[in-house]
Amino acid sequence: MREHKIVVLGGMGCGKSTLVRAIAAGAVVDTDVHNSDRAGADKASTTVAMDYADIDLPNGDRLRLYGTPGQQRFDFIWPILLKGASGVVLLLDATRHTAVEELQGYLGVLREHATQVPAVIGVSRMDLAPDFDLDSCATVAGWDDRLLPVMPLDAREREQGLFLMDVLMSEMETRDLVLAHG
Ligand SMILES: Nc1nc2c(ncn2[C@@H]2O[C@H](COP(=O)(O)OP(=O)(O)OP(=O)(O)O)[C@@H](O)[C@H]2O)c(=O)[nH]1
Ligand SMILES: [Mg+2]
């Protein structure tokens, strides 16, 4: 059986905990507390350590899914969770006017701490911002010779979360093939 450590990264309120819960369909550990940072994101709770879920895939593989806390004051946790990751989901909140700048910030984190790790970018909450420009993300979505897939999703919808995982898994398989055959 193969195990894959997948880390979900992204700003406060973009839907990381929501995505982990949706994919795990119940069996999830979270560390959400009452949110006193309403300026960061206006929602009831926020993650202070991580979200965690084990998911058994139909093909027998197991996902170990880690959601990071989005608040900037917890940025020291991101590299700790990224250590040993086999894949990364970078989530972006389409309702934020600074989404593209924030994307560039997170790409910098990945470049520094997970430079070779397969990754996908999910853009959430697009139903609330239908005019969001996906192309502006796609054009900056990479570093060096890497280009990451960008796809919209509703993080509350399990099927959409699983589809995002599918895309990530195929990125991981491509990487395995490249490593195996040079
Ligand atoms: N309308 C809409 N709401 C969404 C979508 N994705 C997520 N949400 C909502 O956005 C909010 C996101 O909250 P969380 O999942 O706690 O966000 P988080 O990224 O874990 O935030 P922190 O832990 O504070 O960093 C929740 O209320 C979700 O229901 C989407 O695609 N559309
Ligand atoms: Mg959270």
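One can find the structure itself at the top, above this paragraph.
Structure report, in brief. Predicted model only: the values in this text are computed from it and were never measured. Residue numbers run consecutively from 1 along every chain, following the written order of its sequence. Key to labels: chains lettered from A, ligands numbered from 1, both in the order written. At least 70 in pLDDT is required for a residue's local features to be given in this predicted model, at least 80 for side-chain atom pairs to be given and counted, and no such filter applies to totals for whole chains, interfaces and linings, which use all residues. For side-chain calculations, the full set of non-hydrogen atoms in the structure is used, while hydrogens and water are omitted.

1. Some words on the overall build of the chain
Only DSSP runs of H or I with at least four residues qualify as helices, and only runs of E with at least two residues qualify as strands; both kinds are numbered from the N terminus onward. Along the backbone of the chain there are five helices and eleven strands. Radius of gyration here uses only the C-alpha atoms, and the compact-globule reference equals 2.2 Å multiplied by the residue count raised to the power 0.38. For 182 residues, the compact-globule estimate of 2.2 N^0.38 gives 16 Å, and the C-alpha radius of gyration of the chain, at 15 Å, lies within 12% of that figure. For the chain, the C-alpha atoms occupy an extent of roughly 50 × 35 × 30 Å along the three principal directions. Any residue under 20% of the maximum accessible area for its type is buried, any over 50% is exposed, and the rest in between are partly exposed; the area is computed with a 1.4 Å probe on protein chains only. Buried positions account for 47% of the 182 residues belonging to the chain. Two residues qualify as a contact provided that any one of their heavy atoms is within 4.5 Å of a heavy atom in the partner residue. Counting only contacts in the chain whose residues sit at least 6 apart along the sequence, the fraction spanning at least 24 positions is 68%. For the area figures, the Shrake-Rupley method with a 1.4 Å probe applies, and any residue is considered shielded solely by the protein chains shown. Roughly 9,100 Å² of accessible area belongs to the chain as shown, and the carbon and sulfur atoms make up 53% of that amount. Here the chain carries 17 positive and 27 negative side-chain charges, and the mean point of each set is 6 Å from the other. His is not counted, nor are the chain ends, whereas Lys and Arg count as positive and Asp and Glu as negative. Lys charges are placed at NZ, Arg charges at CZ, Asp charges at CG and Glu charges at CD.

2. What to know about the environment of Ala155
Of note, Ala155 is situated in the loop between β11 (150-152) and α5 (158-181). A relative accessible area of 6% places Ala155 in the buried class. Each C-alpha atom of the pair Ala155 and Arg21 lies 9.2 Å from the other, and the pair is 134 residues apart in sequence. Leaving out residues up to four positions away in the same chain, Ala155 has contacts with Gly15, Thr18, Leu19 and Ala22.

3. Let's talk about the pairing of strand β6 (residues 62-67)
Of the strand pairs in this sheet, strand β1 (residues 3-10) and β6 are connected by six bridges, and their pairing is parallel. Bridged to His4 within β6 is Leu63. Alignment of strand β5 (residues 51-56) against β6, held across six bridges, turns out to be antiparallel. Each residue of the ladder has a partner; that of Asp54, found in β6, is Arg64. When DSSP finds two or more bridges between a pair of strands, those strands are recorded as paired. Taking the residues that link successive antiparallel strands as the turn, the β5-β6 hairpin has five residues, and the phi of Gly60 there is positive, at about 95 degrees.

4. Digging into α5
The span one expects for a helix is its residue count, reduced by one, times 1.5 Å. The end-to-end C-alpha separation of α5 is 35 Å, in line with the 34 Å expected for 24 residues at 1.5 Å each. Within the span of α5, buried status applies to Gly161, Leu164, Met165, Val167, Leu168, Met169 and Met172. Looking at the packing, one finds that the buried side of α5 touches β1, α1 (16-24), β6, β7 (87-93), β8 (119-124) and β11.

5. Digging into the pattern of salt bridges
Definition used for salt bridges: Asp or Glu carboxyl oxygen within 4 Å of a side-chain nitrogen of Lys or Arg. In this structure the tally under the stated criterion is eleven salt bridges. A salt bridge links Arg2 to Asp61, with the shortest nitrogen-to-oxygen separation between them at 3.0 Å. One end of the pair, Arg2, is in the segment before β1; the other, Asp61, is in the loop between β5 and β6, with 59 residues separating them in the sequence. The class for Arg2 is partly exposed, based on a relative accessible area of 40%.

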